[in-house]
Amino acid sequence: MDLIIRNGVVATASDSFRADVGIEAGKVKQVGQGLGPAAKEIDASGKYVIPGGVDVHTHVDLKLMGHQSDDDFYSGTAAAACGGVTTIVDYAMPEAGQSIQGSIESWSQKATGKAYIDYGFHPAIFEPTQKIIDEMADAVAEGYPSFKIFMIGLARFDELAHDYMKVIARAGKLGALTNIHAEDQCIISHLTEHLNAAGKHGVRHFADSRPRGAEGAAVQRAIAMARYAEAPIYLVHLSCEESLAPIREARARGQIVYGETRPIYLHLSRERFEEQDGERYLGWPPLREASQRQVLWDGLRDDNLQTVATDHVGFNLAQKKSGETVDELLPGMSNLETMLPMLYHDGVSAGRISMNKLVRIFFANPARLFGLFPQKGTIAPGSDADIVIFYPEKEVTIQHRDMHSR
Ligand SMILES: [Zn+2]
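Quick caveat, the model's predicted, so the values are computed rather than measured. (Residues numbered from 1 in each chain as written. Predicted model: local features only at pLDDT ≥ 70, side-chain atom pairs only at ≥ 80, totals over all residues. Heavy atoms only, no water.)

Undergrad: Can you break down the layout of surface pockets residue by residue, with the values?
TA: The calculated volume of the largest pocket comes to roughly 890 Å³. For the largest pocket, the lining is made up of 31 residues, of which Arg280, Met333, Ser334, Ile398 and His400 are closest to its centre. Per element, the largest residue contribution to the lining of the largest pocket is 3 residues, and it comes from helix 12 (residues 339-349). Partitioned by chemical class, the residues of the lining of the largest pocket number 12 nonpolar, 12 polar and 7 charged. The volume enclosed by the second largest pocket comes to roughly 750 Å³. Forming the walls of the second largest pocket are 25 residues, and the residues nearest its centre are Pro341, Phe390, Tyr391, Lys394 and Val396. Elements supplying a minimum of two residues to the lining of the second largest pocket: helix 12 and strand 16 (387-390). A total of 6 residues in the lining of the second largest pocket trace back to one element, the largest contributor, which is helix 12. For the lining of the second largest pocket, the class distribution of residues is 13 nonpolar, 7 polar and 5 charged. (1 Å grid on protein atoms, 1.4 Å probe; cavity = no way out; pocket = protein on both sides within 12 Å on 5 of 7 lines; lining within 4 Å. Points joined across faces, edges and corners; volume = space filled by probe spheres on them. Helix = DSSP H or I, 4+ residues; strand = E, 2+ residues; numbered from the N terminus. Nonpolar A, V, L, I, M, F, W, Y, C, P; charged D, E, K, R; others polar.)

Below, the structure written as structure tokens:
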């Protein structure tokens, strides 16, 4: 064999056990006791040996609201690799009038020759025309079993809801999954208008423009649409009880609804927007009240939320400070390098979730949902040798100068 990682605690979605992991030609060859010999050996005593992280929600090279992210596939995937993330699935965002195939080609060009790790794409759909809906089958056949739609103004959702419902239904027929950004634009627009009229500008008022109720209303509508479209859905970046309650209810009825949350909602709350440079924490949806953090940990624990993903976007602070009114503030946080240690620290070390649950929500479940399992998301003979050796006792202070995201 090429490499043996000895004496670590191998953690999978169901088990933790002491074993050696033998690797040959980039694949896991054997997992067991006393393997050998190999050209190279690594002693992992006292450490976890876990699959590489699978982050299924990133935007490592993104132009949004006139701003280009500092990160690209080079720096974004360097940050990922240094944070124990070995696969990302990035959103391929089409230009106006572009075909699904065209958006996949544009994104492939951004990634080719730059990515340190494996990657895939979810094609996003902003123009749910019959032509685009007809293209979905080819995309699935080529290995893109997921699409993204946005229930916000950016995608003219309120105007085109009936057409977006056809996208959800078509994806279901094709055995694909529709990923949905759920926030209700009509509520957001109304509140934004009032905040702007009152001169309430800036990040301190941002969370009031996109409240929990706007997210919950859209989640309820998405679930109802999917129910009658007879298709499964995957709701991205959920942040609050208003989203969890309808998901719990739908899943109890037997509807196939999956939920994702982001580390920032598990670790941070909206008081951050009061800080100097509170723009650092901007995202859609915003950070919520502190009470919501436990709601999300509970959602992961009781399996109503299946995954954690970063929604990584590498905008810099100057870009994020360039907006004035609440609707001009640029969302996006860099998190690929810090997600795994944060989840371990606040999740496993703090006793909120087990190590095996961590493997499920960040490795096995995302890999399964998007067609990557068991090549990704587990350590077993035949799996890709994407392996993280994790030091559970090591203490690190996160500092900008140590990070690889630009
Ligand atoms: Zn996103």
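From this point, the discussion proceeds with the structure in view.
Undergrad: Go over the packing of helix 4 (residues 157-173) against helix 7 (residues 212-229) with me, naming the residues and quoting the values.
TA: Put simply, helix 4 and helix 7 touch, their axes get as near as 9 Å, and they point 45 degrees apart. Between helix 4 and helix 7, the interaxial angle falls into the category oblique. Our pair here, helix 4 against helix 7, has a crossing hand that is right-handed. Here helix 4 contributes Phe157, Asp158, Ala161, Met165, Ile168 and Ala169 to the contact with helix 7, which in turn contributes Arg221, Met225, Ala226, Tyr228 and Ala229. Looking at side-chain class alone, the contact of helix 4 with helix 7 contains 9 nonpolar, no polar and 2 charged residues. (Axes fitted to C-alpha atoms, helices over the stretch in contact; angles between N-to-C directions. Parallel < 35°, antiparallel > 145°, perpendicular 65-115°, else oblique. Left-handed = near helix turned anticlockwise from the far one by under 90°. Contact = heavy atoms within 4.5 Å.)

Undergrad: Describe the sheet that holds strand 13 (residues 233-238), with residues and values.
TA: With respect to topology, 5 strands assemble into an open sheet ordered 11-12-13-14-15, the strand pairing being parallel. Strands with a single pairing partner mark the edges of an open sheet, and in this sheet they are strand 11 (146-150) and strand 15 (307-308). Taken together, the 5 bridges between strand 11 and strand 12 (residues 177-181) define a ladder with parallel strand orientation. Pairing of phenylalanine 150 across the sheet is with histidine 181, part of strand 12. Along the sheet, helix 8 (residues 241-253) contacts strand 13 and strand 14 (257-261); its crossing angle with strand 14, the most-contacted strand, is approximately 150 degrees. (Pairing = 2+ DSSP bridges.)

Undergrad: If you had to explain the pattern of salt bridges to someone new, which residues and values would you point to?
TA: Per the stated rule, a full pass over the model turns up 30 salt bridges. Between aspartate 311 and arginine 262 there is a salt bridge whose closest N-O contact spans 3.9 Å. One end of the pair, aspartate 311, is in the loop between strand 15 and helix 11 (317-320); the other, arginine 262, is in the loop between strand 14 and helix 9 (263-267), with 49 residues separating them in the sequence. Residue classification places aspartate 311 among the buried residues on the basis of a relative accessible area of 8%. Judged by relative accessible area, which is 1%, arginine 262 ranks as buried. Across the pair arginine 270 and glutamate 289 runs a salt bridge whose closest N-O atoms are separated by 3.3 Å. Taken together, the residues arginine 270 in the loop between helix 9 and helix 10 (291-301) and glutamate 289 in the loop between helix 9 and helix 10 connect sequence positions 19 residues apart. When its relative accessible area of 29% is taken as the criterion, glutamate 289 is described as partly exposed. Several salt bridges converge on common partners, so that one network encompasses Lys27, Asp118, Lys376, Asp384 and Asp386. (Salt bridge = Lys/Arg side-chain N within 4 Å of Asp/Glu carboxyl O. Buried < 20%, exposed > 50% of the residue type's maximum accessible area, 1.4 Å probe, protein only.)

Undergrad: An account of the packing of aromatic side chains is requested, with residue identities and associated values reported.
TA: Applying the stated criterion across every chain yields a total of 11 aromatic pairs. Judged by centre distance (6.5 Å) and plane angle (85 degrees), the rings of phenylalanine 73 and phenylalanine 121 are edge-to-face. In this pair, phenylalanine 73 is assigned in helix 1 (residues 73-82) and phenylalanine 121 in strand 10 (residues 118-123), connecting sequence segments 48 residues apart. Ring centres of tyrosine 234 and phenylalanine 370 lie 5.0 Å apart, and the angle between their planes is 80 degrees; this geometry places the pair in the edge-to-face category. Taken together, the residues span a long stretch of sequence, with tyrosine 234 in strand 13 and phenylalanine 370 in the loop between helix 13 (355-369) and strand 16 at a distance of 136 residues. An identical accessibility class is assigned to tyrosine 234 and phenylalanine 370; each is buried. (Phe/Tyr/Trp six-rings, centres within 6.5 Å; stacked < 30°, edge-to-face > 60°.)

It is worth stressing that arrangement in space is one thing and function is another; only the former is reported here.
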